[in-house]
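# Notes for the structure review
As a plain string of letters, each chain reads:
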Amino acid sequence: MIHLAIPIDDDISYTFQMSQRSTSLLSYIFLIVISLQITDLTDVEDAFPHPMLYFNQGDASGLRSKASSTHAKIVTYISDAAREIRQDTDRYLPPDDLKRFAANWNEHFGNNLCMLAMYGVLFPNDDEAFKLTSQYMDRMASYPDWYVESSRGRDQVPIGHSLTGFATAYDFLYRRFSEQQREKYYQVIKKTVVDLYRLFQIGKVEWANQYIHNHAPSNLVAFLLGSLVVSAREENIARPWLLKVQEHLDFALELFSYVIDGSVDEGVSYGSYTSRGLTQYVYLAKRHFKIDHSNNPWLKEHFWFFYHTMLPGYQRTVGIGDTNYHWFYGPESQIHSLDAFVLQSGNGNWLADMIRSSRSKTKPLAQSTAQIWSTFHTEFLFYNSSLQSTKPERVSKMQIFSDWGVVTYGGGQEMGIGKTFLSFKSSVPNGEAVQDIIDSKRYPGRINGWTNFNAGHEHPDQNSFVFAPNGRYVVSESMYGPKMSHLDNTVVFAPSSTSRCNQPWEGQVGECDKWLAYKLYGKEIRGEILSAQMSGEMAFAAGEAVGTYSKSLKLSSVFRATLLLTPEILIVVDAIRRFEGSETSKASFLFHNTWTKYKAHEDLGFKGAKVDYPEGSYTMLTVAHQHGTTNISLHEGVQPAGLREGPTNFVNVTVPLLNDVTNAVHIFSGPNYKIQSLEMEPMSPISGVSLLAKINSESYSVKISTFAKSHSRLLEPIRERKRVTGFGGFAKVTVHNKSGEYVHYFGLDNDSYNAGHGPEPRQYRMKLDATSDIPGRVPQKIPYTSSFPSRIEPLQALKQGDAIKQTPDVDHIVLRKPNRDGAYLIAQCAMFVAVSLIAVVFRRFVTPKSKFNSLFRNASWHVPCCLFLSAAFLNSYCLDGEGRNVCFLSKRNSGLAIDVNTSSVTVHPVHSDSESNPTVSIPNDPFVVLTSLPGSGGFLLEKMFEGSSLTTYLPTEILNIPFPIGDTRDLDLCVWSSESNHFRLETAGWFNSLKTKRLLHFNQQCKTGGFENIQRVLRQNHNAPIVMNDVRGFWTTKLPWIKSVIGKGDFQAAVVVRDPRSWIYTMLKYHSGEGIDAELDDITDHVDKLQAACKASDSNLPYYHAQLQAQRPRLRRVDNVEKLAMIWTMAVGSALANMADDYQGSWPVHIIRFEDIMTEPERATTDMFAKLGLPLPVKSLNKVIRTVKSGRYKSQYDGYINADILTAWRIGLSSVDIRKIETICGGLFGILDYESV
């Protein structure tokens, strides 16, 4: 007999016995094959196939190969951690009795076990380490449960950590355990899962109901791992557990899909806790359930949450909410996971490398050993070495987390001079998405208000900021601690009769306890970022936080603006307004630093504080231009109970409150920027502040408006802001130096709104800002009012009688485009012929009788010759490459420059060299009309303005505008002329009074129709600009008439257009259902009845009507597709004609493509607001992005809104119908940048 032992693992082998008679060559070959495949055979034969959670036994050798090559840098950390545990077993090994184990928070025992298990897989020959792991698990298995005694029965988080480590080690090292150990460990896992499932079913534990709170993914992933282990042996028992936990975690990711900025409301530290579990689940769901979450919008942006919240040096994070100096878990594991399974860009590998190589080993920046090792196993497993480590390129320094309500500047940089970090926060607890889910009751029966969410780790910190110039803490958060407003960089007030703590001072709503009382918050109780922009290296953010203070204080505004003037100069402006009768008399502004102490400082006659670092002092001065005493006190070593990261030091600036408004200006500076002079200019404090400073021999004039929302019918916000800044935004900075004067505007700019990460975005067709490139300086931003599109030639042709023709080479109705200003050339030729004929007649019949015979005979030939030569000169000199007569154009548009490219036109002011301070044309009180055909996407504009405190938004459903012979809520393409108002006097009065005497007019109306709703909206926002939205198409062709009623100076209009093929497909699809098909007939019948309807209402026919009617015989039987195409052409053509009528911007019609909002919502929204002369609140920006990107919102016509609706027509329409549409609508494709198939 021959005995042959074939190893199948490091400590297991199979023995075969063969007789010598059978030892043929074939038998040996068979045994070799068996030995190569034995692992797969044993997996089949083994009743309990482990490992199986993250990898199979067949993957083990590949993992070991990676450990010595591509993954060696991670393995170094795993080996070091295992060595440290072996060297100090008394510290790291679970105690041998339950009392000691349960005496304190014990999550680290489960956390560290994951790392030991991974070490055992990678180093199977280390018997000492395996014995230690076995002892570790034996002690864990000896306890009846894994509770912490003080929270027994209430908090299962320690159990979740222990179960995660125990199940992971059982799975990874299963084949090395004895049968006795396997059975013992399995029973412990099963019992723990059964106990958790019982609590899960009852539903009274928070982690079973609060889906996105950090406890939920932590406990649920532990429950999942345990259930998967049980399913390998007892599938029937585990099946309902797996279904339950899968459905729960899938729903958590569904909720996170609304959070389109990738943030976690609890902050960076607890955010790493949450993402630790969810990134592991994403991997496990795909492996075990075949569910792919890689397209989740939150996951796609979560990398940037890690990137932009890091202070320079990759060691510290922003510190918002309950936090330490960095992350609780990872974040290398999470970042590798995002890169490998979502981004696949190499950016994640680069960032993980930077964090890993920058880790501090000393307190307070060293990460706790209770947490740091817990993700080493997934860090190793998720790392994809084939993705080349790549630093992100073309990344804006400013990141706006529109859901979280946080703006950061300078995240993700190395440490060094000029590497500055700044953050600003003003938001609602749990973020905008959760607030919307609660308010709109999106999941009835499953989401019951705040019961299903938990913002307890957030702070009362609205309008707070962090400032770290050169990476040095000047102002930091006080981090993990009791929820007290004075422990954050906010404002507190006195005296207060309602303060629950810290009498007589009172801070923001929800303070005073260990956890934030978040359930007190809601729609009105919140902070809000009003504006956030960059200009060059300057950064600006402003917020309003009055909603977060008790109404008993009778405050009307708590405004704060931060302006980063240079990398080391920060200006903070606070403005406090009170209602009449308020007894609140004092305000204190708090600035914290947990890193170093503040010292007293005085300079230029102003008092303040400073912090010292090796390179020099960083200072703060407080400037108040009002009468009253400013008291500045310094506090050091403050550590109330529960403040975990050590004591905090802070500056307390206390000022008396004045009757109308109290302004305080705080200026922070670094050692490389010397403030040589500083003074406040006299200015009405109601509107804002004006500051003059000389810094490093450069002069700065800083004007900041603090007027956000009017609480008086006598004050208009835009007018008040213009009194300070000269335009409708919040800030203006003028810089004087040796090179000249440069102006920066903040409030209507669009450059900073997350232009996109990664590849350079395509040239955007809706250009906005005029930029004058100044040598050696950043571009000068000039806000202005302009129109969106597009090529000037077709727009001019549109105004030249709407001439159309059928071209033989393009089978659609098109506009005649001027060929090198063809109309101008024709006119010149006609004039030349006419003058020549006159000269002939004059010479033959008139001059013979004149006594000036010779003179007239010569002149009669000289005149036409001179005319011919001048025409030739003008055509060669004055016509540009696009065929426009620039000589005449420049006179007609004095003071304007028109930039034209293949896709867009930008109209902006032109200033002479002497004009260093441009006049900005922004209406004092814009009256904005938004309009679109039904189903064209006008509902997205509602997301831009709904709920904004800076505008008065009137949605379609409450617009019951009087019109005696029709309904303004129906489609009507008739054009109203301003000359004939016979039927429209009442309608004109409606618009006029809405503009001039809002409440007076509506108070006189009977409370029927939409008047009561409009009254309610008007009373909420005193004098805020009116924005009315018509998504039915009635007003699309009547904008010139509204302009004549409202007045050219304040009127603004925006028309949403959609690719006609997409629009028609959507209309046909929507109206195909039973009961609503008649509505489509009503719409299409409008084409046949248009002429009679317009005549009856004394209106004009829309553009293209005559031409389209002339084409009808050629179209044979006109069906609904062709009728809808005609409607689109007349409506959109009329809007474009209105723009062409005055395209230089004196009353702009902004054409917005639905496709641009869907593909680039950030850019489209910021462009839109800037063109209307309105600051864009971050909350409004978030609504649009969330609606477009989350895939969770529906529209009336399209159903769920996602990218697929843009191309659905390609499949849904027949080629015949597509050709019909392009035939009728194609003439406008070139203007709107649509392409024929």
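Residues numbered from 1 in each chain as written. Predicted model: local features only at pLDDT ≥ 70, side-chain atom pairs only at ≥ 80, totals over all residues. Heavy atoms only, no water.

Moving on to the sheet that holds strand β19 (residues 675-680). Spatial strand order, β19-β20-β21-β22-β23: 5 strands in an open sheet with antiparallel pairing. Looking along the sheet, the strands with just one partner apiece sit at the ends: β19 and β23 (740-746). Neighbour to neighbour, the strand axes of the sheet diverge by 15° on average, direction disregarded. As judged from the 8 bridges shared by strand β20 (residues 688-695) and strand β21 (residues 698-705), these two strands associate in the antiparallel manner. Across the sheet, Leu 691 pairs through a bridge with Val 702, a residue of β21. Against the sheet, helix α18 (residues 717-725) makes contact with β20, β21 and β22 (731-737), and its axis sits at roughly 170° relative to β21, the strand it touches most. (Pairing = 2+ DSSP bridges. Helix = DSSP H or I, 4+ residues; strand = E, 2+ residues; numbered from the N terminus. Axes fitted to C-alpha atoms, helices over the stretch in contact; angles between N-to-C directions. Contact = heavy atoms within 4.5 Å.)

This paragraph deals with the sheet that holds strand β3 (residues 398-401). In sheet architecture, strand pairing relies on hydrogen bonds along the backbone and comes in two forms, parallel and antiparallel. An order of β3-β4-β5-β6 is seen for the 4 strands of this open sheet, with the pairing classed as antiparallel. For this open sheet the edge positions go to β3 and β6 (464-468), each flanked by a neighbour on one side alone. Mean inter-strand twist for the sheet, computed between neighbouring axes without regard to direction, equals 10°. When strand β5 (residues 421-425) meets β6, the two strands line up antiparallel, connected through 5 bridges. For Lys 425, the partnering residue across the bridge sits in β6 and is Ser 464. Taken strand by strand, helix α13 (residues 297-308) contacts β3, β4 (406-409) and β5, and its axis lies near 125° from that of β3.

Under the 1.5 Å per step criterion, the end-to-end length of helix α3 (residues 72-87) is 22 Å for 16 residues, consistent within 8% with the ideal 22 Å. All of the buried residues in α3 are Ile 74, Val 75, Ile 78, Ser 79, Ala 81, Ala 82 and Ile 85. Down the axis, α3 shows its buried residues gathered within 165° of arc, on one side only. (Expected span 1.5 Å × (residues − 1). Buried < 20%, exposed > 50% of the residue type's maximum accessible area, 1.4 Å probe, protein only. Arc of directions from axis to C-beta.)

Before going further, it helps to spend a moment on the pairing of β5. In terms of burial, β5 is a largely internal element, 5 of the 5 residues being buried. Neither face of β5 is left uncovered, since the one carrying Phe 421, Ser 423 and Lys 425 and the one carrying Leu 422 and Phe 424 both have all their residues buried. Bridge count between β4 and β5: 4 bridges; the pairing is antiparallel. Within the sheet, the bridge partner assigned to Thr 408 lies in β5 and is Ser 423.

Glancing now at unusual backbone geometry. With an omega of 0°, the peptide bond between His 50 and Pro 51 qualifies as cis. Mapping Pro 51 onto the fold places it in the loop between α1 (25-45) and α2 (60-67). With omega at -10°, the peptide bond leading from Ala 494 into Pro 495 counts as cis. Phi at Asn 696 is positive, roughly 50°, even though this residue is not glycine.

What follows concerns the pattern of salt bridges. Close approach of charged atoms allows side chains of opposite charge to pair. Applying the stated rule across the entire model yields 47 salt bridges. In this structure, Asp 1119 and Lys 1220 form a salt bridge, with 2.6 Å as the shortest nitrogen-oxygen distance. You can see Asp 1119 sitting in the loop between α30 (1105-1111) and α31 (1120-1141) and its partner Lys 1220 sitting in helix α36 (residues 1215-1225), a full 101 residues away along the chain. Where Arg 1163 meets Glu 1160, a salt bridge forms, and the shortest distance between an N and an O atom there is 3.7 Å. What makes Arg 1163 partly exposed here is its relative accessible area of 22%. What emerges from the salt-bridge pattern is a single network uniting Lys 73, Asp 353, Arg 356 and Glu 379. (Salt bridge = Lys/Arg side-chain N within 4 Å of Asp/Glu carboxyl O.)

One way to put it is that helix α28 (residues 1060-1070) packs onto α36 with a least axis distance of 10 Å and a crossing angle of 125°. Considering the angle they form, α28 stands oblique to α36. For α28 against α36, the interelement crossing comes out right-handed. Contacts between α28 and α36 involve Pro 1060, Arg 1061 and Ile 1064 on the former and, on the latter, Ile 1218, Ile 1221, Glu 1222 and Cys 1225. In terms of residue class, the contact of α28 with α36 is built from 5 nonpolar, no polar and 2 charged. (Parallel < 35°, antiparallel > 145°, perpendicular 65-115°, else oblique. Left-handed = near helix turned anticlockwise from the far one by under 90°. Nonpolar A, V, L, I, M, F, W, Y, C, P; charged D, E, K, R; others polar.)

With 16 residues, helix α7 (residues 127-142) ought to run about 22 Å at 1.5 Å a step, and its terminal C-alpha atoms sit 22 Å apart, in line with that. For α7, the complete set of buried residues consists of Ala 129, Phe 130, Leu 132, Thr 133, Ser 134, Tyr 136, Met 137, Met 140 and Ala 141. Summarising the contacts, the buried residues of α7 are in contact with α3, α4 (89-92), α5 (98-103), α6 (107-122), α8 (157-172) and α9 (179-202).

On inspection of all chains with the given rule, the structure shows 66 aromatic pairs. Relative to Phe 172, the ring of Phe 55 lies with its centre 4.9 Å away and its plane at 50°, an arrangement referred to as tilted. With Phe 55 in the loop between α1 and α2 and Phe 172 in helix α8, this pair connects stretches of sequence that are 117 residues apart. Comparing Phe 55 with Phe 172 shows no difference in burial state: the two are buried. Ring plane angle 35° and centroid distance 5.7 Å describe the contact between Phe 540 and Phe 746, whose orientation is recorded as tilted. (Phe/Tyr/Trp six-rings, centres within 6.5 Å; stacked < 30°, edge-to-face > 60°.)

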